[in-house]
Amino acid sequence: MMPEDMRRDLSITQQYVYLDNAATTPVPSPIIDEMIEYFEEYCANIERGAYSIAAKASQVCDDARKQIAGQLLHCDLDEFIFTRNQTQAVNFVAYSLEHPFLNRWSTGFKFAQPLVKWTPESKIVSTLIEHHSNYLPWLRLAKHVDAQFHSITPTEEGRLLPEMFTEVVDEHTKLVAFQHASNAMGTKHDVAAIIRAIKAANPQCLVFIDGAQGAGHMPVNVKTLGCDFYSFSGHKGPLGPPGTGGLYVRDELLRRMEPAEVGGGAIADVTANDYMLRSDHRARRWDPGTPNIIGLIGLGAAVKYLNRIGTQRIVEHEHKLTKHLLDGLREIPNLVIYGPKEDMTWKVGAVCFNIEGWASHDLSLALDSQWKILTRAGHHCCQPLMRLLNIWDTYAGNVRASFHYFNLIEEVDTLIEALKTLAG
Ligand SMILES: Cc1ncc(COP(=O)(O)O)c(C=O)c1O
């Protein structure tokens with residue numbers, strides 16, 4: 001499939017230059033068609049229905065879970081928890097690290113050893129380039145369990161390096177959480193090398209990866225990365241609908257994690273005084289109640305659509321667009337670029353910038369009102385980073401142009417010309 005083919009599936013591309021894929025990627029029409037088909041032809045609740053369309057709905061949802069686990073993340077079905085978004089995935093893990101696992105063991109309820117034994121010396125490590133969603137849950141957890149919280153400062157270009165982690169990870173470090181790629185500087189990190197460094201310093205230390213800007217934009221294999229947890233949002237790179245996302249949890253950990261919510265679908269047996277969580281599909285302990293059926297169908301269809309393009313081709317195409325944009329922006333004298341400016345090795349398809357004298361929101365509004373170019377402006381939910389870059393008071397953040405496979409070089413040229421005009 002070529003970018004032009006994908007554009008035929010996205011009516012928004014006929015009206016706008018859509019460059020806000022890091023926030024949400026528009027959903028291609030074949031994916032919407034599969035969701036409409038559910039509403040029109042087999043709209044039934046899943047799992048418990050005996051009649052034919054309920055069986056079909058269950059089957060389609062089971063297949064979707066398999067597609068997402070196996071092809072988007074390359075993990076086992078039982079290691080994939082379907083979530084509302086990336087934010088919920090982080091909060092799920094933070095919850096389970098605070099609460100001991102409760103289940104029926106032989107004759108009644110018992111608490112099992114928690115995954116982490118917290119002491120006042122325990123340390124949680126994150127970084128100053130994180131999105132709030134991969135920062136607040138850990139900061140709050142540290143406060144709840146009375147652990148120390150340490151934030152790593154990225155390089156000026158927004159890079160995280162293995163040695164930054166080895167300097168702080170020791171035998172007291174229980175968890176390290178960092179991102180696959182940055183939504184506010186467009187940097188990609190060498191996740192596998194960083195994880196190797198962390199595990200060499202402390203093999204027991206758990207590693208959580210925020211893949212919100214990874215999955216769907218690049219091949220992701222959670223086993224090769226070596227992480228314990230990997231989270232993503234379905235509505236960004238993966239092309240799924242809003243209200244979808246996922247969390248990979250390494251199998252041995254998932255067995256011992258207390259689900260944040262319990263209810264129908266989470267259990268194997270219930271008595272008046274206790275319950276036993278289901279073991280046939282442990283990840284399903286984590287989405288009790290009727291799941292977001294339409295979201296599952298949409299995200300499953302989205303993974304099939306992504307496969308038709310091929311994630312490696314998405315990487316190459318986004319690289320081409322990014323390089324072209326950076327080359328153009330470097331020629332505008334009063335424009336400041338954040339993140340790597342020339343070397344594409346650690347760059348994703350998101351370019352962040354400001355023009356001197358313009359508040360970021362005003363610049364973004366001007367791009368829309370005069371050229372129908374849709375970009376995002378502001379702190380991008382990364383206030384600690386905005387403060388670090390010292391662009392909070394001056395620009396109220398930065399402007400971000402972010403790509404997916406359907407974007408064209410001509411659209412990048414339109415943006416460059418518009419910025420040249422605005423920069424005077
Ligand atoms: C790097 C990163 N992490 C986490 C999130 C949160 O994603 P969501 O709001 O879909 O939960 C975002 C959203 O932009 C992000 O870019």
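Residues numbered from 1 in each chain as written. Predicted model: local features only at pLDDT ≥ 70, side-chain atom pairs only at ≥ 80, totals over all residues.

## Comments concerning the packing of helix H5 (residues 86-98) against helix H6 (residues 136-145)
Packed helices, taken two at a time, are described by their axes: the angle between them and the distance between them.
For step 1, the next point in the chain: Orientation of H5 relative to H6, taken along the N-to-C sense of each, is 10°, at an axis distance of 10 Å. Here H5 lies roughly parallel to H6, going by the angle between them. Along this stretch, H5 crosses H6, giving a crossing that reads as right-handed. Residue-level inspection shows Val90, Asn91, Ala94, Leu97 and Glu98 of H5 in contact with H6, the latter providing Pro137, Trp138, Leu141, His144 and Val145.
For step 2, the next point in the chain: Across the contact of H5 with H6, the residue classes break down as seven nonpolar, two polar and one charged. (Axes fitted to C-alpha atoms, helices over the stretch in contact; angles between N-to-C directions. Helix = DSSP H or I, 4+ residues; strand = E, 2+ residues; numbered from the N terminus. Parallel < 35°, antiparallel > 145°, perpendicular 65-115°, else oblique. Left-handed = near helix turned anticlockwise from the far one by under 90°. Contact = placed C-beta atoms within 7 Å. Nonpolar A, V, L, I, M, F, W, Y, C, P; charged D, E, K, R; others polar.)

## With respect to the domain arrangement of the protein
For step 1, the next point in the chain: For the protein, the domain assignment lists domain 1 (3-19 + 310-423) and domain 2 (52-307).
For step 2, the next point in the chain: Distance from the C-alpha centre of domain 1 to the C-alpha centre of domain 2: 29 Å.
For step 3, the next point in the chain: With 21 residues of domain 1 at the interface, the matching set in domain 2 holds 22 residues.
For step 4, the next point in the chain: Where the side of domain 1 that touches domain 2 is concerned, the elements lending two or more residues are helix H12 (311-329), strand E14 (350-355) and helix H14 (383-388).
For step 5, the next point in the chain: At five residues, H12 tops the list of elements feeding residues into the side of domain 1 that touches domain 2. (Domains from an automatic or database assignment.)

## Quick notes on the site of the ligand
For step 1, the next point in the chain: Lining the immediate surroundings of the ligand are 14 residues, of which Asn85, His131, Asn183, Ala212 and Ser233 lie closest.
For step 2, the next point in the chain: A per-class count over the shell around the ligand returns three nonpolar, 10 polar and one charged. (Near = placed C-beta within 6 Å.)

## Quick word on the sheet that holds strand E10 (residues 245-249)
For step 1, the next point in the chain: The strand order across the open sheet formed by seven strands is E2-E10-E9-E8-E7-E5-E6, and the pairing between neighbours is mixed. Both edges of this open sheet fall to strand E2 (80-83) and strand E6 (148-152), since each of them pairs with a single strand only. Pairwise comparison of adjacent strand axes, ignoring direction, gives a mean angle of 15° for this sheet.
For step 2, the next point in the chain: Direction of pairing for strand E5 (residues 123-127) relative to strand E7 (residues 173-179): parallel, over a ladder of three bridges. Across the sheet, the residue bridging to Ile124 is Leu175, located in E7.
For step 3, the next point in the chain: With respect to the sheet, helix H4 (residues 52-73) is in contact with E2, strand E9 (229-233) and E10, its orientation differing from that of E2 by roughly 110°. (Pairing = 2+ DSSP bridges.)

## Quick notes on H12
For step 1, the next point in the chain: Over its 19 residues, H12 runs 27 Å from end to end, which matches the ideal 27 Å to within 8%, given 1.5 Å per residue.
For step 2, the next point in the chain: Within H12, the full set of buried residues consists of Thr311, Ile314, His317, Glu318, Leu321, Thr322, Leu325, Leu326 and Leu329. The arc that holds every buried residue of H12, seen down its axis, measures 165°, which confines them to one face. Counted as exposed and oriented over 90 degrees from the buried face of H12: Gln312 and Glu316.
For step 3, the next point in the chain: If you follow the buried residues of H12, they end up packed against helix H1 (3-8), helix H11 (293-309), strand E13 (335-338), E14, strand E17 (398-402) and helix H16 (409-423). (Expected span 1.5 Å × (residues − 1). Buried ≥ 20, exposed ≤ 12 C-beta atoms within 10 Å, placed from the backbone. Arc of directions from axis to C-beta.)

## Quick look at helix H8 (residues 191-201)
For step 1, the next point in the chain: Taken as a whole, H8 has its buried residues at Val191, Ile194, Ile195 and Ile198. Take H8 and look down its axis: the buried residues cluster within an arc of 100°, on one side only.
For step 2, the next point in the chain: Check the buried side of H8 and you find it contacts helix H7 (162-166), E7, strand E8 (206-210) and helix H9 (222-225).

## Points about the sheet that holds E14
For step 1, the next point in the chain: With antiparallel pairing, the four strands of this open sheet are ordered in space as E13-E14-E17-E16. The open sheet has two edge strands with one neighbour each: E13 and strand E16 (376-378). Each neighbouring strand pair of the sheet contributes to a mean axis angle of 30°, computed without reference to strand direction.
For step 2, the next point in the chain: The sheet contact formed by E13 and E14 spans four bridges and is antiparallel. Opposite Val336, over in E14, you have Asn354 as the bridge partner.
For step 3, the next point in the chain: Relative to the sheet, H12 contacts E13, E14 and E17, its axis offset from that of E14 by approximately 15°.

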